[in-house]
Amino acid sequence: MVALNDDQKGRLLKQVEFYFSDSNLPKDKFMKEKIASDPDGYVDLNIICAFARMKDILKLEKTVEPATVPAEVVTAAAEVLKGSEIVEVNDACTRIKRKQPLKPNEEISKEVDARSLYARPFPASSRLDDLSVFFSKHGVVNCVRMRRHFRSRAFKGSVFVEFANEAERDKVLAMKLEHEGATLHLEKKAEYLARKRQERKAKNIKDDEDDTSNDELPDGAGGKVGGAITLQPAVKAVAGAKRGREEGVEGEREAAKSAKADEGEAAGDEEMEEEPGEEGGEEAGADPEFTAGCILHFELESEVPEGLGPRMLVDVMGGRDKVRFVELDENKKGGYMRFTSPEAAAKALEEFTAKGDDEKMIAGIKGKLRKVEGQEEADYHRRARG
């Protein structure tokens, strides 16, 4: 029999239990179909072992398919899973099934939402495993779901984190967490969803409307102004709601080839609108009013990563309650931030200046910050007015 080390055993158990968990199974079309196709609800273990993440854990070649998974590997996996509280193994050690029947989807959805948090901002380059490790340092995590634009699949910079229970969620909610230099905004998922529904209602956005006008653009994509600056309004004019995609933490995987990608993703669609108001500026067409002393200029040692819009910069500097608008230079290594008041701008500059040189980071990149005054400020206002 293949010998698995303790790390492999722990990862394997966690991964397989995730596949059959309330967090994943209700949204996993492939797994549900496999379970439904068997009278006793069993799934062949060689199919599970051929999932991409399982092949990584078991150190199998990427080309391995269910039919070619070695029998000794299946046996080794079965031995580990005999200690599971979620799945049970058949006598022949070749098949597994969930121990408890699945509750109705609506009931599961409410329970999952009740122990979940919404969190942002995260870099566009974020990796699922890294985010899972980050949150697991602070609480017992069931899974993390990376929220993505429906068509482009670009990461939106926000996640849903499902914890083991509401107590774990509340423990993390009370923390002040930072990720790569950015203070995280944390909010109960149920409250976030309710808030977004109210915003949709206020904007007269119908549930079946779908805005795809900027679907292929990364967050914050805008047009050039004055030839040298790319104006990046923090809010897109959202004509309609747009559906987001979630990506399951332990379940982001491609299907085994023999399944012809029917396995799908760990998390299915969830009704999510494009985030009106999350990127950092006025609605398109608004006639801006300016007050002296609200503008700060930032300069970065390296360019902002591809696909990372002003939303991250807005959140780093305190969110939309403090930052109204972000302008990003064409070279993505600097720009302007317009704050809601001179006091907010002054406080942000004071806090940044008080940091040590090695701690002066903006969105995880070393940078500089200064107040914009005089002719430069007048030119900024003139340009912004168009």
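Structural data are supplied above this passage.
Residues numbered from 1 in each chain as written. Predicted model: local features only at pLDDT ≥ 70, side-chain atom pairs only at ≥ 80, totals over all residues. Heavy atoms only, no water.

Some thoughts on the overall build of the protein
So, point 1. Within the protein one finds twelve helices and 18 strands.
So, point 2. A burial count over the protein gives 51% of its 386 residues as buried.
So, point 3. Considering only contacts within the protein whose residues lie at least 6 apart along the sequence, 71% involve residues at least 24 apart. (Helix = DSSP H or I, 4+ residues; strand = E, 2+ residues; numbered from the N terminus. Buried < 20%, exposed > 50% of the residue type's maximum accessible area, 1.4 Å probe, protein only. Contact = heavy atoms within 4.5 Å.)

As for the packing of helix H1 (residues 6-19) against helix H5 (residues 71-81)
When two helices pack together, you describe them by how their axes are tilted relative to each other and by the distance separating the axes.
So, point 1. Packing of H1 against H5 leaves a shortest axis separation of 10 Å and a crossing angle of 75°. In terms of orientation, H1 and H5 fall into the roughly perpendicular class. Contacts from Lys-9, Leu-12, Leu-13 and Val-16 in H1 reach Ala-77, Val-80 and Leu-81 in H5. (Axes fitted to C-alpha atoms, helices over the stretch in contact; angles between N-to-C directions. Parallel < 35°, antiparallel > 145°, perpendicular 65-115°, else oblique.)

Some points on the environment of Asp-315
So, point 1. Following the sequence through the fold, Asp-315 ends up in helix H10 (residues 310-316).
So, point 2. For Asp-315, a relative accessible area of 9% translates into the label buried.
So, point 3. Separated by 194 residues in the primary sequence, Asp-315 and Pro-121 place their C-alpha atoms 6.6 Å from one another.

Section: the side chain of Asn-24
So, point 1. In this fold, Asn-24 is placed in the loop between H1 and helix H2 (29-36).
So, point 2. At 3.1 Å, the side chain of Asn-24 forms a polar contact with the backbone oxygen of Tyr-19. (Polar contact = N/O pair within 3.5 Å; in protein donor to acceptor, adjacent residues only side chain to side chain.)

Regarding the sheet that holds strand S1 (residues 43-44)
So, point 1. Read from one edge of the open sheet, three strands run S1-S3-S2, paired in antiparallel fashion. Two strands bound the open sheet, and with one partner strand each, they are S1 and strand S2 (87-89).
So, point 2. Direction of pairing for S1 relative to strand S3 (residues 95-98): antiparallel, over a ladder of two bridges. Directly across from Asp-44, in S3, lies its bridge partner Arg-95. (Pairing = 2+ DSSP bridges.)

Regarding helix H11 (residues 342-353)
So, point 1. The first and last C-alpha atoms of H11 sit 16 Å apart over twelve residues, in line with the 16 Å expected at 1.5 Å per residue.
So, point 2. Turning to H11, its buried residues are Ala-344, Ala-345, Ala-348, Leu-349 and Phe-352. One side of H11 carries all its buried residues, which in axial view fall inside an arc of 130°. Every exposed residue of H11 that faces more than 90 degrees away from the buried side is listed here: Glu-343 and Glu-350. (Expected span 1.5 Å × (residues − 1). Arc of directions from axis to C-beta.)

Brief notes about the nonpolar core
So, point 1. By size, the foremost hydrophobic cluster in this structure holds 34 residues, and its most contacted members are Leu-12, Phe-20, Leu-45, Ile-48 and Met-54.
So, point 2. Secondary-structure elements contributing two or more residues to this core are H1, H2, helix H3 (45-49), helix H4 (52-58), H5 and S2.
So, point 3. Ranked by residue count, the leading element in this core is H5, at seven residues.
So, point 4. With residues near it in sequence (within four places) discarded, Ile-48 still touches Val-16, Tyr-19, Phe-20, Met-31, Val-43, Met-54 and Ile-96.
So, point 5. If you look at the next biggest cluster of nonpolar residues, it comprises 23 residues, including Leu-296, Val-323, Ala-344 and Ile-365. (Core = buried A, V, L, I, M, F, W, Y, C linked by side-chain atoms within 4.5 Å.)

Re the environment of Ala-346
So, point 1. Topologically, Ala-346 is positioned in helix H11.
So, point 2. Classification of Ala-346 by relative accessible area gives partly exposed; the value is 46%.
So, point 3. As a C-alpha pair, Ala-346 and Arg-370 span 24 residues in sequence and 9.7 Å in three-dimensional space.

Focus on the pairing of strand S5 (residues 141-149)
So, point 1. By the criterion of burial, S5 is predominantly enclosed, with eight of the nine residues buried.
So, point 2. Two elements, S5 and strand S6 (residues 155-163), share six bridges in a ladder whose sense is antiparallel. Residue pairing across strands places Arg-145 opposite Phe-160, the latter belonging to S6.

Notes on the pattern of salt bridges
So, point 1. Tallying each qualifying case throughout the model produces 22 salt bridges.
So, point 2. Linking Glu-111 and Lys-103 is a salt bridge whose minimum nitrogen-to-oxygen distance equals 3.1 Å.
So, point 3. Since its relative accessible area comes to 26%, Glu-111 is described here as partly exposed.
So, point 4. Take Lys-103: its relative accessible area is 35%, and that puts it in the partly exposed class.
So, point 5. Ionic contacts of the salt-bridge type, sharing partners, join the residues Glu-187, Arg-195, Lys-196 and Glu-199 into one network. (Salt bridge = Lys/Arg side-chain N within 4 Å of Asp/Glu carboxyl O.)

A closer look at unusual backbone geometry
So, point 1. For the bond running from Arg-120 to Pro-121, omega is 5°, close enough to zero to count as cis.
So, point 2. Inspection of the secondary structure assignment puts Pro-121 in the loop between strand S4 (116-120) and helix H7 (128-136).
So, point 3. The backbone of Lys-59 sits at a positive phi, close to 60°, despite the residue not being glycine.
So, point 4. Tracing the backbone shows Lys-59 in the loop between H4 and H5.
So, point 5. Note on Lys-59: relative accessible area 65%, which makes it exposed.
So, point 6. Backbone geometry places Cys-93, a non-glycine residue, at a positive phi of 60°.
So, point 7. Within the secondary structure layout, Cys-93 lies in the loop between S2 and S3.

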